[in-house]
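What the coordinates show
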Amino acid sequence: MSQTPEERIQELGHSLPTPPQAVGSYIPVTQFGNIIVTSGQLPFIGSELMFKGKIGDHLHEDDGSNAATICLMNALAQIKTISGDLSNIKQIVRLEGYVHSAPGFDRQPYVLNAASQLLTDIFGEKGQHTRVALGISEMPLNAAVQIALWVELSS
Amino acid sequence: MSQTPEERIQELGHSLPTPPQAVGSYIPVTQFGNIIVTSGQLPFIGSELMFKGKIGDHLHEDDGSNAATICLMNALAQIKTISGDLSNIKQIVRLEGYVHSAPGFDRQPYVLNAASQLLTDIFGEKGQHTRVALGISEMPLNAAVQIALWVELSS
Amino acid sequence: MSQTPEERIQELGHSLPTPPQAVGSYIPVTQFGNIIVTSGQLPFIGSELMFKGKIGDHLHEDDGSNAATICLMNALAQIKTISGDLSNIKQIVRLEGYVHSAPGFDRQPYVLNAASQLLTDIFGEKGQHTRVALGISEMPLNAAVQIALWVELSS
C-alpha cells in the first residue's frame, strides 16, 4: 500500500477525532518499550457518549458495530499522540473488545468485526491482530462498547 | 524434566489439535518482541464448539474444567505455530480465563485450575503463570469458557 | 518527590501487606523483560476476603472504593516481591479493574478512582497509568473487586 494509514482512514470515510479525555484518575494511553497501549475507549464523539445501553436489547447489533468503530477511531487517535505518524506502527498486536450485552446475546464477534475489519482496511497486513471478545453485563457510563488497543512500534 | 513439553502432553493423555481458525476478522495468535499472545480461545474441537452455556446452570463446573482444558490445548497449538517446539518457551506469563457463569456461580478459580494445573504438568516450573479469572454473563457463540495465553520465548 | 514510594504509602495512612497467596494453581506475580504483571488481586486482608457481593446492590460504591484500595495494596505488595524497592518502578503501565456490579450500576470509574488516585499519590507522575474498567456479573469467591497491575521497571 502506497498510502499512509491517515490517508486510508480518510479514503474509507472516517477521520481521526480529537482524542477523548479519560473518564477518571488515569491517562488514556501510554508507551513501554516499543508497545503503546490505550485505556479502554468508549464511543465518545467529543463529550457525547453516542451509544448507551445493551446490544441485543434496545440497541441493535449494528448499533454495536457503529459504537465499536467510534471506539476504534478514538483508540487510534490516542495512539497517534504518542506514535506520531501511524506509519510508525509495526503491527496492531491486540484488540480487547467489551460488548455491553443483553441476556442471550452472543454475537460479540459480529459487533467487533466492524473494528477488526477496519484495522485491516487501514493498515493492511500490519493491521491483523489478536482479539479477546467478551459480553459484559454492566459497563462504565452505560456505554455500549469499550475497546482497548495494543500496538507495536517500529524500532 | 528430560521430556519435551510435547512428550509430556502425550503422556498426560492429551494431544495438540489443529489450531482453530479465528471466529472473526482477526488472527488467532501473534508475536511482539519475545512475547506470543493468543486471541481468546473457545472450546472448539475441529469446527464443533464442545461446551455451550453457563457454568452453574445447565453446565456443571466439571464441564467447565473440561472446556478450559480444550481452550488451553487450542491456545498451545496456536502458540506452536509461531514458537516451533514448545521447549522454546521460557515461561508461561499469563492466563486470562473467562468463565460463562450463571448468577451466583463464584467458583471460576476451580474451573480454571484444570488449565492452570495442566500448564505446570506440561512445562514444570516454566508453566507457573499469573492469572485473571472472571465470570462473564454473555460469551461469544454462547461458549462456556474462553482462554487467552501469553508466553515468553527464550531469546 | 524526595520520599520513596514506601514512605509515601505510610504517610498516606496505608501499609504494604504480606502479599496474599494465589487462590488456585497459579502464581500471584511474574516478570518478563522489564515488565512485572500481577494476577488478579482480590480484597483480602490476610486470609479474610473483606468485601463480598455486588456494588450497587447491598454494597455501596464507597465499599467498592475501599475494596479497590485493598486490592491495589495487595498488588503493590506482590510487585515488591520481585522489584525490591518500589523506587525501581519506572512507571505504572496499566490497571485492570473489575467491579462486581449489580444490574444498572455504571459507576465503575468512580469505584476504581480510589486505586488510580492512590497510585498517583504514591508514585507521582510515574503513577499515571492506563486503565480498563469493567462491570462483572460474577466474581471469583464473590469478591467485590478484582485488580491486576502492570508496571515497568527501570532498566
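Residues numbered from 1 in each chain as written. Chains lettered and ligands numbered in written order. Predicted model: local features only at pLDDT ≥ 70, side-chain atom pairs only at ≥ 80, totals over all residues. Heavy atoms only, no water.

1. A short note on the overall build of chain A
Broken down by element type, chain A carries three helices and seven strands. By residue count, 59% of the 155 residues in chain A fall in the buried class. A sequence separation of at least 24 residues applies to 81% of the contacts in chain A between residues at least 6 apart. Here chain A has roughly 5,700 Å² of accessible surface; of this, 46% comes from carbon and sulfur atoms. Within chain A, the 15 negative side-chain charges are centred at a point lying 5 Å from the centre of the 9 positive side-chain charges. (Helix = DSSP H or I, 4+ residues; strand = E, 2+ residues; numbered from the N terminus. Buried < 20%, exposed > 50% of the residue type's maximum accessible area, 1.4 Å probe, protein only. Contact = heavy atoms within 4.5 Å. Areas by Shrake-Rupley, 256 points an atom, 1.4 Å probe, with all protein chains shown as cover. Lys, Arg positive; Asp, Glu negative; His and termini not counted. Charge placed at Lys NZ, Arg CZ, Asp CG, Glu CD.)

2. Topic: the pairing of strand E7 (residues 145-153) of chain C
All names here are of chain C. For E7, the buried fraction is high: nine of the nine residues fall into the buried class. A two-sided burial pattern is seen for E7, the buried positions comprising Val145, Ile147, Leu149, Val151 and Leu153 on one face and Gln146, Ala148, Trp150 and Glu152 on the other. Here three bridges tie strand E2 (residues 35-38) to E7, and the two strands are oriented antiparallel to one another. Pairing of isoleucine 35 across the sheet is with glutamate 152, part of E7. Note: strand E5 (residues 89-100) against E7, nine bridges, orientation antiparallel. Directly across from tyrosine 98, in E7, lies its bridge partner glutamine 146. (Pairing = 2+ DSSP bridges.)

3. As for the relation of the copies chain C and chain B
Mapping chain C onto chain B calls for a screw motion: a turn of 120 degrees about the axis and a shift of 0.0 Å along it, with 0.0 Å RMSD after fitting. Interpreted geometrically, this transformation is the action of a three-fold axis. For chain C, the residue whose C-alpha comes nearest the rotation axis is Ser137(C), separated from it by 3.5 Å. Taken together, the interface assignments show that only 11% of the residues at the interface of chain C recur at the interface of chain B, consistent with different surfaces on the two copies. (Least-squares fit on C-alpha atoms with pLDDT ≥ 70 in both.)

4. Considerations on the side chain of Gln146(C)
Among the secondary structure elements, Gln146(C) is positioned in strand E7. Within the structure, Gln146(C) has its side chain in polar contact with the backbone oxygen of Ala133(B) (distance 3.0 Å). (Polar contact = N/O pair within 3.5 Å; in protein donor to acceptor, adjacent residues only side chain to side chain.)

5. Notes on the relation of the copies chain B and chain A
For the pair chain B and chain A, the superposition axis carries a translation of 0.0 Å, the fit reaches an RMSD of 0.0 Å, and the rotation angle comes to 120 degrees. By residue overlap, the copies meet through two different surfaces: only 11% of the interface positions of chain B are interface positions in chain A.

6. As for the confidence of the model for chain A
Within chain A, residue pLDDT values average 96, and 99% of them lie at 70 or more. The ipTM for the predicted assembly is 0.96, set against a pTM of 0.97. (pLDDT = per-residue confidence, 0-100.)

7. As for the packing of helix H2 (residues 61-83) of chain A against helix H3 (residues 108-123) of chain A
Residues and elements named next belong to chain A. The contact between H2 and H3 brings their axes to 7 Å, and the two run at 40 degrees. Judged by the inter-axis angle, H2 sits oblique to H3. Regarding H2 and H3, the two cross each other, and that crossing is right-handed. Of the residues in H3, those touching H2 at Glu61, Asp62, Gly64, Ser65, Ala68, Thr69, Leu72, Met73 and Leu76 are Tyr110, Val111, Leu112, Ala114, Ala115, Leu118, Leu119, Ile122 and Phe123. When grouped by side-chain class, the residues that make up the contact of H2 with H3 number 13 nonpolar, three polar and two charged. (Axes fitted to C-alpha atoms, helices over the stretch in contact; angles between N-to-C directions. Parallel < 35°, antiparallel > 145°, perpendicular 65-115°, else oblique. Left-handed = near helix turned anticlockwise from the far one by under 90°. Nonpolar A, V, L, I, M, F, W, Y, C, P; charged D, E, K, R; others polar.)

8. Looking at the interface of chain B and chain A
If you look at the interface, chain B gives 27 residues, while chain A gives 27 residues. At the boundary of chain B with chain A, total buried surface from both sides reaches about 2,000 Å², with 58% on carbon and sulfur atoms. Put simply, chain B and chain A have one salt bridge between them. Arg94(A) is the salt-bridge partner of Glu96(B), the closest N and O atoms lying 2.9 Å from each other. Counting the contacts that link chain B with chain A gives 13 residue pairs in polar contact (both at pLDDT 80 or more). Put simply, the parts of the chain that give the side of chain B that touches chain A at least two residues each are strand E1 (29-32), strand E2 (35-38), strand E5 (89-100) and strand E7 (145-153) of chain B. Looking at the side of chain B that touches chain A element by element, the count peaks at four residues for E1(B). (Buried area = accessible area lost by both parts, 1.4 Å probe. Salt bridge = Lys/Arg side-chain N within 4 Å of Asp/Glu carboxyl O.)

9. Details of the packing of aromatic side chains
Tallied over the entire structure, the rule returns six aromatic pairs over all chains. A centroid spacing of 6.3 Å and a plane angle of 85 degrees characterise the contact between Phe32(B) and Trp150(B), whose relative ring orientation is edge-to-face. Within this pair, whereas Phe32(B) is found in strand E1, its partner Trp150(B) is found in strand E7, the two being separated by 118 residues in sequence. Every member of this aromatic cluster is reached through a ring pair, and the members are Phe32(A), Trp150(A), Phe32(B), Trp150(B), Phe32(C) and Trp150(C). Its guanidinium or amino end placed over the ring of Tyr110(A), Arg107(A) lies 4.6 Å from that ring's centre, counting from NZ or CZ. (Phe/Tyr/Trp six-rings, centres within 6.5 Å; stacked < 30°, edge-to-face > 60°. Lys NZ or Arg CZ within 6 Å of the ring centre and 35° of its normal.)

10. Focus: the sheet that holds strand E2 (residues 35-38) of chain A
Residue and element names in this part refer to chain A. Across the sheet, five strands lie side by side as E1-E2-E7-E5-E6; this open sheet has mixed pairing. This sheet does not close on itself; its edge strands, each paired only once, are strand E1 (29-32) and strand E6 (130-136). Between one strand and the next, the sheet's axes are offset by a mean angle of 15 degrees, whatever the strand orientation. The strands that H2 touches are E1, E2, strand E5 (89-100) and strand E7 (145-153); relative to E7, the one it contacts most, it runs at about 35 degrees.

11. With respect to the environment of Ser154(A)
All names here are of chain A. By the secondary structure assignment, serine 154 is in the segment after E7. Serine 154 sits in the partly exposed class, given a relative accessible area of 40%. Separated by 63 residues in the primary sequence, serine 154 and glutamine 91 place their C-alpha atoms 8.2 Å from one another. In this view, serine 154 contacts Asn88, Ile89 and Lys90; residues no more than four positions away in its chain are not counted.

12. A few points about the pairing of E5(A)
Residues and elements named next belong to chain A. Of all twelve residues in E5, eleven are buried, a share of seventy percent or more. Examined bridge by bridge, E5 and E6 share seven bridges and lie parallel to one another. Note that in E6 the partner of histidine 100 across the bridge is isoleucine 136. Note on the crossover from E5 through H3 to E6: the handedness is right-handed. (Right-handed = clockwise from strand over helix to strand, strands pointing away.)

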